[in-house]
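# Descriptive analysis of the structure
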Amino acid sequence: MGVDGRNRGEGEGELLADRQAEIDAAARALRAGELVILPTETVYGLGADAANPAAVTAIFEAKGRPRFNPLIAHVADLATAACIARLDDRAWALAREFWPGPLTIVAPIQDTAAVCDLARAGLDTVAIRVPGHPLSRAVLEAFGGAVVAPSANRSGRPSPTTFADAMAETGDKTAAALDGGPCAVGLESTVVSVIDGQVRLLRPGAVTRVQLQQIVGPLAEAEDDAKRSPGRLALHYAPDAPVRINARAPKPGEAFLAFGGGASGEGVFNLSPTGDLAEAAANLFAYLRAADRTHPSAIAVAPIPEDGLGEAINDRLRRAAGYIG
Ligand code: TXA
Ligand code: MG
């Protein structure tokens, strides 16, 4: 996996040969309308055949997810993406730069696209991405079509970034599950819309604002939150304990997510002792869960710089704390 969350293919052939039976079983389960736990480089997903309304309904039920929150269609390659979404020049430029990888593009749906209405929450746009993790790509290739996959958590909870967390959240609802190890990125994909020649950032994520601007220039003004990404609830990514952000130090009874050197001791989880934002992103959800398991009165989180990946980390933390980003 490269620093930008893309896989470089080293040792991929060997890895996949060992796992072919599991890959085929996952593709068969998808064809049969069953749900599947899929590893991606961002977070674990709960996948279903995008063209099968019954399977898509099962996703909303397994997660307890509101039906007005549309899902991301995952495909194996750019050619399949182009059959589903109408990608203009700027969307193509982003796709070529960041796929396979942690970017989701929202674009007008193609008339012939096999992504059912329910998966799109009735919108005339579709969110699409080519994931970077070799196992999910192999399943998508074996399956052939689009797989909708929200994060595999129950609605409102932190996204799972390990196989064990994914299984604990929704594993009992699935017919197949692939262990792809801990997710290298640890935060969900960046979501941009590319509509009428305008590029808007709907959800900050692993691909940063600066990286996007390097490809398409200045982004269009973001709309208000509800319009930006229909399903984004105020309380999201939330552990059981309340979350207190921008905390200099924990109060008695609190767990503490530190950032940078210094802090240590019982109940302290250091997101990155060296102050590295990529490391902090990769640890964020797993440490929120680990802190939660100590049954603290609250989880205090140190201030995180807002630059680069910090924008996405702070977005998730504000939502975990119950503030609308
Ligand atoms: O990294 C990821 O994106 C992970 C992995 C599994 O791929 N998936 C993920 O899916 O985070 P989910 O369902 O948890 O988040 C999808 C986001 C939601 O905020 C949803 O509202 C937005 O994408 N979305 C989907 N379709 C959309 C559309 N047509 N217009 C605007 N936003 C859309
Ligand atoms: Mg999610």
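Heads up: the structure comes first, above all this text.
Description of the structure in this document. (Residues numbered from 1 in each chain as written. Chains lettered and ligands numbered in written order. Predicted model: local features only at pLDDT ≥ 70, side-chain atom pairs only at ≥ 80, totals over all residues. Heavy atoms only, no water.)

This part is about the pattern of salt bridges. Here the structure, examined in full by the defined rule, presents 16 salt bridges. Two residues, Arg318 and Glu306, come together in a salt bridge whose shortest N-O distance is 4.0 Å. Of this pair, Arg318 sits in helix α11 (residues 310–320) while Glu306 sits in the loop between β13 (299–301) and α11, and the two are 12 residues apart along the sequence. Sharing partners across several salt bridges, the network here consists of Arg154, Arg157, Asp165, Glu169, Asp240 and Arg289. (Salt bridge = Lys/Arg side-chain N within 4 Å of Asp/Glu carboxyl O. Helix = DSSP H or I, 4+ residues; strand = E, 2+ residues; numbered from the N terminus.)

What follows concerns the packing of helix α10 (residues 277–292) against α11. As a packed pair, α10 and α11 sit with axes 10 Å apart at the nearest point and diverge in direction by 25°. As the angle between them shows, α10 and α11 are arranged roughly parallel. The element α10 and its partner α11 pack so that their crossing is left-handed. For the pair α10 and α11, contact is made by Leu277, Ala280, Ala281, Leu284 and Phe285 and by Gly310, Ile313, Arg316 and Leu317, respectively. Of the residues contributing to the contact of α10 with α11, the split by class is 7 nonpolar, 1 polar and 1 charged. (Axes fitted to C-alpha atoms, helices over the stretch in contact; angles between N-to-C directions. Parallel < 35°, antiparallel > 145°, perpendicular 65-115°, else oblique. Left-handed = near helix turned anticlockwise from the far one by under 90°. Contact = heavy atoms within 4.5 Å. Nonpolar A, V, L, I, M, F, W, Y, C, P; charged D, E, K, R; others polar.)

This part is about the site of ligand 1. Lining the immediate environment of ligand 1, one finds 25 residues, of which Thr42, Arg65, Asn69, His74 and Ser189 sit closest. Ser151 is positioned with one of its side-chain polar atoms (N or O) 3.1 Å from an oxygen atom of ligand 1. In the environment of ligand 1, an oxygen atom lies 2.5 Å from a nitrogen or oxygen atom belonging to the side chain of Ser189. Within the complex, the protein chains bury 95% of what would otherwise be the 680 Å² of accessible surface of ligand 1. Of all the secondary structure elements, the ones that give two or more residues to the shell around ligand 1 are β3 (72–74), β5 (125–129) and β9 (198–203). It is β5 that provides the largest number of residues to the shell around ligand 1, a total of 3 residues. (Near = heavy atom within 4 Å. Polar contact = N/O pair within 3.5 Å; in protein donor to acceptor, adjacent residues only side chain to side chain. Areas by Shrake-Rupley, 256 points an atom, 1.4 Å probe, with all protein chains shown as cover.)

Before going further, it helps to examine the side chain of His74. Among the secondary structure elements, His74 is positioned in strand β3. Of the polar contacts made by the side chain of His74, one reaches the backbone oxygen of Ile72; its length is 3.1 Å. Not counting residues within four places of it along the chain, the set of residues in contact with His74 comprises Arg129, Pro131, Leu140, Gly145, Ala146, Val147, Val148 and Ala149.

The subject of this paragraph is the sheet that holds strand β1 (residues 36–38). Taken together, 9 strands build an open sheet; the order of strands is β7-β1-β2-β6-β3-β5-β4-β8-β9 and the sheet is mixed. Single-partner strands in this sheet number two, and they are β7 (176–177) and β9. One ladder, built from 5 bridges, connects strand β8 (residues 190–195) with β9; its direction is antiparallel. Bridging from a neighbouring strand, Val194 pairs with Val199 of β9. Strands β4 (103–108), β8 and β9 of the sheet are contacted by helix α5 (residues 89–98), whose axis makes an angle of about 160° with β4. (Pairing = 2+ DSSP bridges.)

Looking now at the environment of Glu34. Relative to the helices and strands, Glu34 is located in the loop between α2 (20–31) and β1. A relative accessible area of 38% places Glu34 in the partly exposed class. The residues contacting Glu34, other than those within four sequence positions of it, are Ala29, Gly47, Ala48 and Ala175. (Buried < 20%, exposed > 50% of the residue type's maximum accessible area, 1.4 Å probe, protein only.)

Note that all results are geometric; they support no functional claim without further evidence.
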